[in-house]
Structures are given as structure tokens and as C-alpha cells.
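What follows is the residue order along each chain.
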Amino acid sequence: MTMYAALLRGINVSGHKRVPMAELRSLLTGLGHEDVRTHLQSGNAVFSSASDDEDALAAELERAVEQRFGFAVPCLVRDGGYLAAVAAACPFPAAELEGRQLHITYYDRPVDAARFAGIDPAAHLPEAFALGDRALYLYAPDGLGRSKLADALSRTSVTKDIVATSRNWNTVARLVEMTTAGAPA
């Protein structure tokens, strides 16, 4: 059995696309997954599965969420090893920063630097970003809500044809812990 994190995009934001975490846990259990837990109210769940196909697991969850709640929610499913490797590869000094200052955006596929060519990093300093394995690291010292770089990175011209969902460093660290150590939520 492999431990996975399911990252649901855009649920429970300002009362839109409401998915109660108890119902999400029930849904995942109903799909045959074990060790199901959730973290926060913003679309983070962990579970164990015998499957080794993250894309198939994500597609199954997307279908189940749409059937149960009546709206589409893009989902990414990543195993604990991947989450830990992405966190360990962070080019910013995570241990020295507040969780709200550092974010990882996870993508459904690899992205190349050409996608971000229209963004001038120098124009956004001290904010900065770096690409990783199906991920983007964002350092936003004043937080995501005040980040002009985050706005630039989320433009349709950058995100076209990809599924992307972001988590702050506190959530990243907690999901790594939950999927690699089996810690209770």
C-alpha cells in the first residue's frame, strides 16, 4: 500500500464549491481507500491505496466528487515520496521562513521555463520563484495575498492547459509528514 495526498483545487473558498471534509473522507473510503484523513478545510486528504497510478486515482476522485457534490473539481494525487522529494528540493531556506512566505504550486505534468518567459523575475524582487519536478516554488515575503508575482504566475497565459494547485509551506510540511510517517491529523 502506498500513501498518497489528494490535492483538490479550489474547494471551500469563500463558500464556493463546498466539500465538507467528513464527506470527502467518506467518499475516499467508499472508493476503497484506507487510512483516510484530511488536513484543514481546503482540499487536502491523505489515503493509502494498492494502486500505483496517480493519474487514475485523481480521475477516479474527480468523477466521484462531481457525482457526489454536483460540480467539477480538478484533483492531483501524489505519493508521499514525491511530496517529500519536492519539499527537500526547495531552493529557498524553508526553515528560516514563515509558512505563509513560501508556497509550492503542484502541476499535473512537467512544465518548462518557456511557459514563464513573459515574467521578469527582477521586476518582482524580493519575491522569487523556481521550478521543480511538476512543481513551482514561490517565495512571497509579504504572503500570497499581497504577492504581485503570484498574480503573474497565475495568469491564464501561464496556466493554460495545466492543472495547478498551491499549498503554503505549513501545509506542504504537514502533508509530507502525513504521507511518509502515517501521523494522525
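Here, every reference points to the structure presented above.
These numbers come from a predicted model, not from an experiment. (Residues numbered from 1 in each chain as written. Predicted model: local features only at pLDDT ≥ 70, side-chain atom pairs only at ≥ 80, totals over all residues. Heavy atoms only, no water.)

A.B. asks: I'd love a proper account of the environment of Thr165, names of residues and values included.
C.D. replies: With respect to the element layout, Thr165 can be found in strand β8 (residues 164–168). Judged by relative accessible area, which is 6%, Thr165 ranks as buried. Note: C-alpha distance between Thr165 and Leu76 (89 residues apart in sequence) is 8.1 Å. In contact with Thr165, not counting residues within four places along its chain, are Leu7, Leu8, Arg9, Leu76, Ile104, Thr105 and Tyr106. In terms of polar contacts, Thr165 uses its side chain to reach the side chain of Arg167, at 2.6 Å. (Helix = DSSP H or I, 4+ residues; strand = E, 2+ residues; numbered from the N terminus. Buried < 20%, exposed > 50% of the residue type's maximum accessible area, 1.4 Å probe, protein only. Contact = heavy atoms within 4.5 Å. Polar contact = N/O pair within 3.5 Å; in protein donor to acceptor, adjacent residues only side chain to side chain.)

A.B. asks: An account of the packing of aromatic side chains is requested, with residue identities and associated values reported.
C.D. replies: Inspection of the entire model under this criterion finds five aromatic pairs. Looking at Arg78, its charged tip hangs above the ring of Tyr82, at a distance of 5.6 Å from the centre. Looking at Arg134, its charged tip hangs above the ring of Tyr82, at a distance of 4.4 Å from the centre. (Phe/Tyr/Trp six-rings, centres within 6.5 Å; stacked < 30°, edge-to-face > 60°. Lys NZ or Arg CZ within 6 Å of the ring centre and 35° of its normal.)

A.B. asks: So what about the pattern of salt bridges? Which residues, and what values?
C.D. replies: Tallying each qualifying case throughout the model produces six salt bridges. Between Asp108 and Arg109 there is a salt bridge, with the nearest N and O atoms lying 3.6 Å from each other. Judged by relative accessible area, which is 35%, Arg109 ranks as partly exposed. Within this structure, Glu54, Arg78, Asp133 and Arg134 form a network of salt bridges that share partners. (Salt bridge = Lys/Arg side-chain N within 4 Å of Asp/Glu carboxyl O.)

A.B. asks: Can you lay out the layout of surface pockets for me, pointing to particular residues and giving the numbers?
C.D. replies: Here the largest pocket defines a volume of roughly 670 Å³. Taken together, 27 residues form the lining of the largest pocket, with Thr105, Leu144, Thr165, Ser166 and Arg167 sitting closest to its centre. For the lining of the largest pocket, the secondary-structure elements that each account for two or more residues are β5 (102–107), β7 (135–139), α4 (148–153) and β8. Considering every element that reaches the lining of the largest pocket, the biggest residue donor is β8, with five residues. Within the lining of the largest pocket, the residues separate by chemical class into 13 nonpolar, 11 polar and three charged. (1 Å grid on protein atoms, 1.4 Å probe; cavity = no way out; pocket = protein on both sides within 12 Å on 5 of 7 lines; lining within 4 Å. Points joined across faces, edges and corners; volume = space filled by probe spheres on them. Nonpolar A, V, L, I, M, F, W, Y, C, P; charged D, E, K, R; others polar.)

A.B. asks: Go over the sheet that holds strand β3 (residues 44–49), please, and point to the residues and values.
C.D. replies: Taken in spatial order, the four strands line up as β2-β3-β1-β4 in an open sheet, and their pairing is antiparallel. This sheet does not close on itself; its edge strands, each paired only once, are β2 (34–39) and β4 (75–79). Sheet twist, expressed as the mean angle between neighbouring strand axes with direction ignored, is 20°. Here strand β1 (residues 2–8) pairs with β4 via five bridges, running antiparallel. (Pairing = 2+ DSSP bridges. Axes fitted to C-alpha atoms, helices over the stretch in contact; angles between N-to-C directions.)

A.B. asks: Describe in detail unusual backbone geometry, supporting the description with residues and values.
C.D. replies: Here the amide bond leading from Leu125 into Pro126 is cis, since omega sits at 10°, within 30 degrees of zero. By secondary structure assignment, the location of Pro126 is in the loop between β5 and β6 (128–132). With a phi angle near 55°, Asp35 is a residue other than glycine that sits in the positive phi range. A residue is classified by how much of its surface remains accessible, and Asp35, at 48% relative accessible area, is partly exposed. Despite not being glycine, Asp161 shows a phi value in the positive range, around 70°. Locating Asp161 in the fold gives a position in the loop between α5 (156–159) and β8. Look at Asp161 and you get exposed, because its relative accessible area is 60%.

These values are about where atoms sit, not about what they do.
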